[in-house]
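Each chain, letter by letter, is given below.
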Amino acid sequence: MSDSVKKVIKEIKIDPDKCNGCRACEIACAAFHSKPKYSSFNPSRSRIRMVINEINDEWVAIRSSNFTKTECKGRSRYIINGKEYSECSFCSTICSARDVFKEPDSDLPLKCDMCGENPEQIPMCVQICSRDALTYSTREEEVQEQDEVKWEEMKIGLESLLKKHGLKKIKNAVIRLAKNK
Ligand code: SF4
């Protein structure tokens, strides 16, 4: 059973024609999400990454979206304004085919959070981009709260706990928690 709720949908539009590949967005994102905040500037922890193909003069900023365990069979190439973009250039999926969007120490997925709940908060990558290649907007929408989405998030969390602690410890912890309820 799902309820309908009003939700602010946040969007970041990316214009690859304006991007010059400076990678400031990667640094700003990594710094904002480091713990403590601004303590590290490691772009491999960024939730926005540059796909760069210098020969083809290709600079595309991609924000991380959903996690998938398996590679897709799509591998599309796009031709936009006569320019051909490489495979996966516009794909934001956190996928096993790429090393991007994974926390380097743990391999856990790094999903873009639009820099938090507050719709007034302009995401860090957008703030830092001096070329206006990234633009932020919001809109209100009536959406169904989907149980499956929550389950998908729970599954990712459980899998990482299992990887770290093993099934036995997790089972014991759940039994202990259930007893205290
Ligand atoms: Fe491109 Fe803007 Fe990111 Fe620089 S900050 S890489 S111009 S999207």
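This one's a predicted model, so the numbers in the text were calculated from it and none came from an experiment.

Calculation notes
- Residues numbered from 1 in each chain as written.
- Predicted model: local features only at pLDDT ≥ 70, side-chain atom pairs only at ≥ 80, totals over all residues.
- Heavy atoms only, no water.
- Salt bridge = Lys/Arg side-chain N within 4 Å of Asp/Glu carboxyl O.
- Domains from an automatic or database assignment.
- Contact = heavy atoms within 4.5 Å.
- Buried area = accessible area lost by both parts, 1.4 Å probe.
- Near = heavy atom within 4 Å.
- 1 Å grid on protein atoms, 1.4 Å probe; cavity = no way out; pocket = protein on both sides within 12 Å on 5 of 7 lines; lining within 4 Å.
- Sits in = over half its atoms within 2 Å of the grid points.
- Nonpolar A, V, L, I, M, F, W, Y, C, P; charged D, E, K, R; others polar.
- Phe/Tyr/Trp six-rings, centres within 6.5 Å; stacked < 30°, edge-to-face > 60°.
- Buried < 20%, exposed > 50% of the residue type's maximum accessible area, 1.4 Å probe, protein only.
- Helix = DSSP H or I, 4+ residues; strand = E, 2+ residues; numbered from the N terminus.
- Lys, Arg positive; Asp, Glu negative; His and termini not counted.
- Polar contact = N/O pair within 3.5 Å; in protein donor to acceptor, adjacent residues only side chain to side chain.
- Points joined across faces, edges and corners; volume = space filled by probe spheres on them.

Draft legend 1. Examining the pattern of salt bridges more closely. Counted according to the given criterion, the structure contains ten salt bridges. For the salt bridge of Arg77 with Glu84, the shortest nitrogen-to-oxygen distance reads 3.5 Å. Salt bridges sharing common partners tie together Glu11, Arg139 and Glu141.

Draft legend 2. Molecular detail of the domain arrangement of the protein. Each assigned domain of the protein is listed here: domain 1 (4-143) and domain 2 (146-181). Inter-centroid distance (C-alpha atoms) of domain 1 to domain 2 is 28 Å. Between domain 1 and domain 2, the residue contacts involve six residues of the former and four residues of the latter. Of the roughly 370 Å² buried between domain 1 and domain 2 on both sides combined, carbon and sulfur atoms contribute 62%.

Draft legend 3. A look at the site of the ligand. Looking at the ligand, the residues that line it are Cys19, Asn20, Gly21, Cys22, Arg23, Cys25, Met50, Ala61, Cys129, Arg131, Ala133 and Leu134. In this structure the site holding the ligand corresponds to the largest cavity. Along the lines of polarity and charge, the residues of the shell around the ligand split into eight nonpolar, two polar and two charged.

Draft legend 4. View of the packing of aromatic side chains. Within this structure, the stated rule accounts for three aromatic pairs. Judged by centre distance (6.2 Å) and plane angle (70°), the rings of Phe32 and Tyr38 are edge-to-face. Assessed through its relative accessible area of 43%, Tyr38 is described here as partly exposed. Seen in terms of ring centroids, Tyr78 and Phe90 are 5.6 Å apart; in terms of plane orientation they differ by 85°. Their pairing is edge-to-face. Of this pair, Tyr78 sits in strand β4 (residues 78-80) while Phe90 is found in the loop between β5 (83-85) and α2 (124-128), placing the two residues twelve residues apart along the sequence. Members of the aromatic cluster, connected to one another through ring pairs, are Tyr78, Tyr85 and Phe90.

Draft legend 5. Summary view of the side chain of Glu58. Structurally, Glu58 is set in strand β3 (residues 58-63). One buried charged side chain, Glu58, makes no salt bridge at all; its nearest oppositely charged neighbour is Arg77, positioned 7.0 Å away. A polar atom in the side chain of Glu58 sits 3.0 Å from the side chain of Ser86. The contact partners of Glu58, leaving out residues within four places of it in the chain, are Val51, Ile52, Asn53, Glu84, Tyr85, Ser86 and Ser89.

Draft legend 6. Quick peek at the layout of surface pockets. In this model, the second largest pocket occupies a volume close to 380 Å³. In terms of lining, the second largest pocket is formed by 16 residues, of which the most central are Asp107, Leu108, Pro109, Ser160 and Lys163. Looking at the lining of the second largest pocket residue by residue, the classes come out as six nonpolar, four polar and six charged. For the lining of the second largest pocket, the two domains that each supply at least three residues are domain 1 (4-143) and domain 2 (146-181).

Draft legend 7. Region of interest: the environment of Gly74. Tracing the backbone through its elements, the reader meets Gly74 in the loop between β3 and β4. We classify Gly74 as partly exposed; its relative accessible area is 49%. The spatial distance from the C-alpha of Gly74 to the C-alpha of Val143 is 29 Å, given a sequence separation of 69 residues.

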